[in-house]
Amino acid sequence: MGFFDTLLFPFIWFNSAILVGFEWAFVRLGMSDTSGWTWVLAIVGLVITLRAMLTPLMVKQIKSQRRLQMVQPELMKIQKKYKGKKDQASQKAFQEETFGLYKGAGANPFSACLPILIQMPFFFALFRLLNTAKAVSLGTAEPMGLFSTELATKMANSEIVSAGLTSTFLHDQDLSAKILAAVLIVIMSLTQFVTSHQIMRQNMSEEALNSPMARQQRMLIYLLPIIFAVTGVNFPIALLIYWTVSNFWTMGQQFFIIRNMPSPGTPAEVAYRARMERKGKEPVGIQLKNPNLMAERAAVQTDGDEARASRQRVQPKSKKRAKRR
């Protein structure tokens, strides 16, 4: 076992346990253990299990992200307040005020990447598991986790629409495998494009759409499908099925989030408020952890402005100017 596999071992074991568990359940329900559809349903079950486990973390991340957007004007005021101040006291005050704002809002600026970072080792582990299934069945690679040589052989010999699950577009001459792999790559790329496109068009404000970051994201919308097409020709059909099903989950989840938890100042929020108004309901949306945070900060800022004004020295008038009047 190589170093990379050693790092992924817990995730490989976990993925293999879920995959083998679903395969066992479907066989007990009467499906054939050599049928490709048994393994396809097992892969779908694996996707649903993994993504369902990550859903609470995803919801928490979305709420944190929305709260960050809600306090963005206050954050910009803090940044403007301490702009150009490099002394230690000012930097400390800047950090304390910024993190105080995050705490009051119930937001974590580092949570945006957390679901992706957590999902990555599971995907890499599944990639290793499914990508080596053919080699394990031939005896040229060691079994991984609970995915034994016997099970790997069953998967390698199973087919859907006359295409082997361990076949790839690039390395197999079978026409059925090439057609199925090409169809899956196209669907995988399209679902990725639709998911990214609906975020850009429905869940970003006019200001955000005109930002440099949005222009980079717009480039990625068209670049990522090309990357998937180039890399996908090397993936076995079983892995393409996992990725495609996972993209459909992401697309549905994104639709639900945009519909029910839209970003402030976006077309999705306008549609959400209009929908709630038609139903006669109050648009609740995502609230700050401290609902009075913005009012409290405005009051503190007003008091500070008044205190600074009272401390300003009144310019004395000279006697000559006073006499002239």
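One can find the structure itself at the top, above this paragraph.
Notes on the structure follow. (Residues numbered from 1 in each chain as written. Predicted model: local features only at pLDDT ≥ 70, side-chain atom pairs only at ≥ 80, totals over all residues. Heavy atoms only, no water.)

## Observations regarding the overall build of the protein
Now for step 1: Helix and strand counts for the protein stand at 14 helices and two strands.
Now for step 2: Across the 325 residues in the protein, those meeting the buried criterion constitute 38%.
Now for step 3: Counting contacts in the protein only where the partners sit at least 6 residues apart, residues at least 24 apart contribute 72% of the total. (Helix = DSSP H or I, 4+ residues; strand = E, 2+ residues; numbered from the N terminus. Buried < 20%, exposed > 50% of the residue type's maximum accessible area, 1.4 Å probe, protein only. Contact = heavy atoms within 4.5 Å.)

## Some points on the pattern of salt bridges
Now for step 1: Counted according to the given criterion, the structure contains five salt bridges.
Now for step 2: Salt-bridge contacts for Lys154 lead to Asp33; the nearest nitrogen and oxygen are separated by 2.9 Å. A residue pair is termed long-range when its members are at least 10 positions apart, and Lys154 in helix H7 (residues 149–157) and Asp33 in the loop between helix H1 (3–28) and helix H2 (36–70) qualify at 121 residues.
Now for step 3: As a salt-bridge pair, Lys154 and Glu150 come within 3.6 Å of each other at their nearest N and O atoms. With Lys154 and Glu150 both in helix H7 and four residues apart, the pair spans about one turn of that helix. (Salt bridge = Lys/Arg side-chain N within 4 Å of Asp/Glu carboxyl O.)

## Side note on the side chain of Ser246
Now for step 1: When you line up the elements, Ser246 lands in helix H11 (residues 237–260).
Now for step 2: Take Ser246: its relative accessible area is 5%, and that puts it in the buried class.
Now for step 3: Setting aside anything within four residues of it in sequence, one finds Ser246 in contact with Val47, Arg51 and Gln119.

## Regarding a positive patch on the surface
Now for step 1: Among the surface-exposed residues, Arg259, Arg278, Lys279 and Lys281 lie close enough to one another that they form a single positively charged patch.
Now for step 2: Mapping Arg278 onto the fold places it in helix H12 (residues 267–278). (Patch = residues over 30% accessible without salt bridge, like charges linked within 9 Å, V, L, I, M, F, W, Y side chains within 5 Å. Areas by Shrake-Rupley, 256 points an atom, 1.4 Å probe, with all protein chains shown as cover. Lys, Arg positive; Asp, Glu negative; His and termini not counted. Charge placed at Lys NZ, Arg CZ, Asp CG, Glu CD.)

## Let's talk about the packing of aromatic side chains
Now for step 1: Applying the stated criterion to the full structure yields 10 aromatic pairs.
Now for step 2: Put simply, the rings of Phe123, Phe124, Phe127, Phe235, Tyr242 and Trp243 pair up and form one aromatic cluster.
Now for step 3: When the ring centre of Phe169 is taken as reference, the NZ or CZ atom of Lys178 above it lies at 4.8 Å. (Phe/Tyr/Trp six-rings, centres within 6.5 Å; stacked < 30°, edge-to-face > 60°. Lys NZ or Arg CZ within 6 Å of the ring centre and 35° of its normal.)

## What about a nonpolar patch on the surface?
Now for step 1: A surface patch of nonpolar side chains, amounting to about 490 Å² of accessible area, comprises Phe4, Ile116, Leu117, Met120 and Phe124.
Now for step 2: Element by element, the count of residues in the nonpolar patch is highest for helix H5 (residues 114–131), at four residues.

## With respect to the nonpolar core
Now for step 1: Residues Leu19, Phe147, Met155, Leu165, Ile237 and Ile241 are the most contacted members of the largest nonpolar core, which totals 44 residues.
Now for step 2: Breaking this core down by element, the ones donating at least two residues are H1, H2, H5, helix H6 (133–138), H7, helix H8 (175–202) and H11.
Now for step 3: Excluding its chain neighbours within four sequence positions, the residues that come into contact with Ile241 are Val40, Ile43, Ile160, Leu165 and Leu184.
Now for step 4: If you look at the next biggest cluster of nonpolar residues, it comprises nine residues, including Leu68, Ile78, Leu101 and Tyr102. (Core = buried A, V, L, I, M, F, W, Y, C linked by side-chain atoms within 4.5 Å.)

## Remarks on helix H3 (residues 72–81)
Now for step 1: When we look at burial in H3, the residues that qualify are Glu74, Leu75 and Ile78. Taken end-on, H3 shows its buried residues confined to a sector of 100°, consistent with a single buried face. (Arc of directions from axis to C-beta.)

## Thoughts on the packing of H2 against H11
Now for step 1: It is at 10 Å that the axes of H2 and H11 come closest, and there the two elements cross at 35°. Crossing geometry of H2 relative to H11 is assigned as right-handed. For the pair H2 and H11, contact is made by Val40, Ile43, Val44, Val47, Ile48, Leu50, Arg51, Ala52, Thr55, Met58, Ile62 and Arg66 and by Ala238, Ile241, Tyr242, Val245, Ser246, Trp249, Thr250, Gln253 and Ile257, respectively.
Now for step 2: When its residues are assigned to classes, the contact of H2 with H11 shows 15 nonpolar, four polar and two charged. (Axes fitted to C-alpha atoms, helices over the stretch in contact; angles between N-to-C directions. Left-handed = near helix turned anticlockwise from the far one by under 90°. Nonpolar A, V, L, I, M, F, W, Y, C, P; charged D, E, K, R; others polar.)

## Thoughts on the environment of Gln95
Now for step 1: In this structure, Gln95 sits in helix H4 (residues 88–105).
Now for step 2: Between the C-alpha atoms of Gln95 and Ile78, which are 17 residues apart in sequence, the distance is 9.6 Å.

## A closer look at unusual backbone geometry
Now for step 1: Backbone geometry at Val161 places phi at a positive 45°, although glycine is not the residue there.
Now for step 2: Here Val161 lies in the loop between strand E1 (159–160) and strand E2 (163–164).
Now for step 3: The backbone of Ser162 shows a phi angle near 65°, a positive value even though the residue is not glycine.
Now for step 4: Turning to its location among the elements, Ser162 is positioned in the loop between E1 and E2.
Now for step 5: Overall, the relative accessible area of 48% leaves Ser162 in the partly exposed class.

## Here's the deal with the side chain of Thr166
Now for step 1: For Thr166, the location among the structural elements is in the loop between E2 and H8.
Now for step 2: Residues within four places of Thr166 in sequence aside, it is in contact with Ala133, Lys134, Met155, Ala156 and Pro236.

## Some points on the environment of Thr250
Now for step 1: The topology assignment puts Thr250 in helix H11.
Now for step 2: Relative accessible area serves as the criterion here: at 23%, Thr250 is assigned to the partly exposed category.
Now for step 3: When the C-alpha positions of Thr250 and Thr195 are compared, they lie 7.3 Å apart, and in sequence the two are 55 residues distant.
Now for step 4: Sequence-distant contacts of Thr250, defined by excluding residues within four places in its chain, comprise Arg51 and Thr195.
Now for step 5: Of note is the side chain of Thr250, whose polar atom sits 2.9 Å from the side chain of Arg51. (Polar contact = N/O pair within 3.5 Å; in protein donor to acceptor, adjacent residues only side chain to side chain.)

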